[in-house]
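So you can see what is in the structure, the chains are spelled out below.
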Amino acid sequence: MDFEHWLALFATCVALAVSPGPSSTYALSTSIRYGHRAGVRAVIGSATGFASLIFIALVGLTALVATLPWFILGLKIAGAIYLLWLAVSLWRHAKFHNEPATGINQWHNTKKQASTLVRGFLIAFSNPKVVLFWLAFIPSILLVEQLDAWDIVIVIATFALVEAIAELLLVWLGARAQRYLQKHMALIDRLSAVIFTIFAMILLTT
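To start, this report covers the structure provided alongside it. (Residues numbered from 1 in each chain as written. Predicted model: local features only at pLDDT ≥ 70, side-chain atom pairs only at ≥ 80, totals over all residues. Heavy atoms only, no water.)

Observations concerning a nonpolar patch on the surface
Keep this limit in mind: Surface patches are defined over residues having more than 30% relative accessible area and no salt bridge, joining like charges when they lie within 9 Å and nonpolar side chains (Val, Leu, Ile, Met, Phe, Trp, Tyr) when within 5 Å. Only the protein chains shown count as covering a residue, and every accessible area follows the Shrake-Rupley method with a 1.4 Å probe. When a carboxyl oxygen of Asp or Glu is within 4 Å of a side-chain nitrogen of Lys or Arg, the pair counts as a salt bridge. The numbering of helices and of strands both runs from the N terminus, where a helix is a DSSP run of H or I of at least 4 residues and a strand a run of E of at least 2. Think of it in three bands: with a 1.4 Å probe and only protein chains considered, a residue is buried below 20% of the maximum accessible area for its type, exposed above 50%, and partly exposed in between.
A cluster of nonpolar side chains, Leu73, Ile77, Ile81, Met201 and Leu204, forms an exposed patch at the surface whose accessible area comes to about 450 Å². Those elements that provide at least two residues to the nonpolar patch are helix H4 (70-93) and helix H10 (185-205). Using a relative accessible area of 54% as the deciding quantity, one classes Ile81 as exposed.

Considering the packing of aromatic side chains
The condition is simple: Only rings of Phe, Tyr and Trp enter the pairing, Trp through its six-membered ring, and a pair is recorded when the two centres are within 6.5 Å. The plane angle decides the type: under 30 degrees is stacked, over 60 is edge-to-face, the rest tilted.
One pass over the structure, following the stated rule, counts 4 aromatic pairs. Here the aromatic rings of Phe121 and Phe125 are separated by 5.4 Å at their centres, their planes lie at 10 degrees, and the arrangement is stacked. A residue pair is termed a helical-turn pair when its members lie 3 or 4 positions apart in one helix, as Phe121 and Phe125 do in helix H6 (residues 110-125) at 4 residues. For Phe121, a relative accessible area of 25% corresponds to the partly exposed category. On the accessibility criterion, Phe125 (26% relative accessible area) is partly exposed. Linked through ring pairs, Phe3, Trp6 and Phe10 together constitute an aromatic cluster.

A word on the packing of helix H2 (residues 22-34) against helix H8 (residues 149-176)
Where we set the bar: Working convention: axes come from line fits to C-alpha atoms, limited for helices to the stretch in contact. Angles between N-to-C directions cover 0 to 180 degrees. For classification purposes, an angle smaller than 35 degrees is called roughly parallel, one larger than 145 roughly antiparallel, one from 65 to 115 roughly perpendicular, and anything else oblique. Each helix crossing is assigned a hand: it is left-handed if the near helix lies turned anticlockwise from the far helix by less than a right angle, otherwise right-handed if that turn is clockwise. Contact definition: two residues touch when any of their heavy atoms are within 4.5 Å. Any residue outside Ala, Val, Leu, Ile, Met, Phe, Trp, Tyr, Cys, Pro, Asp, Glu, Lys and Arg is labelled polar, Gly included; the first ten of those are nonpolar and the last four are charged.
Interhelical geometry of H2 versus H8 gives an angle of 30 degrees and a closest axis separation of 7 Å. Comparing their axes, H8 and H2 come out roughly parallel. For the pair H2 and H8, the crossing hand works out as right-handed. Here Ser23, Ser24, Ala27, Leu28, Ser31 and Ile32 of H2 come into contact with H8, specifically with Glu167, Leu170, Val171, Gly174 and Ala175. Among the residues forming the contact of H2 with H8, the class breakdown is 6 nonpolar, 4 polar and 1 charged.

Nothing here speaks to function; it is geometry throughout.
See the structure below:
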């Protein structure tokens, strides 16, 4: 892969990273609720999920979709169900904010740390729109069939790093505003629930 093609790839990754999505919403709300360390774990999970999706797309998802046309539909339904489950969980969780929860008194729990990372991964991995975008757009800037192992590593690393940097910026903003926004966590949880529901509907109707 030459520099010109990598630059086109980089621009594509930036465009995807700065567009609103469930992963960025989760990273931001997590950093507001639990602080920057929790937000970073959500980003690590998200970047890993996206990297896994792109790897699958690059090594033969096109053939799988052609052979099993219901696969993407099934992935969409599974992703929408997961987002709706998160939305319901957040809406119900909003009722338990009578006492502000700080990152210090909640984020010590090891189980919560693992849960945040796994949720970040699942939100990213259950988003087939990323795969569909790559299947439709990447062939216009790269000859996928000519990519060697090192090229695939570069493609995945470029997207994962760009996505992580964009989400880390949101985490930083959320953590900075944590002191001012935590007293409004019930409202933030409900807004996040509405956003996840909207993304789920978009996933099912596109």
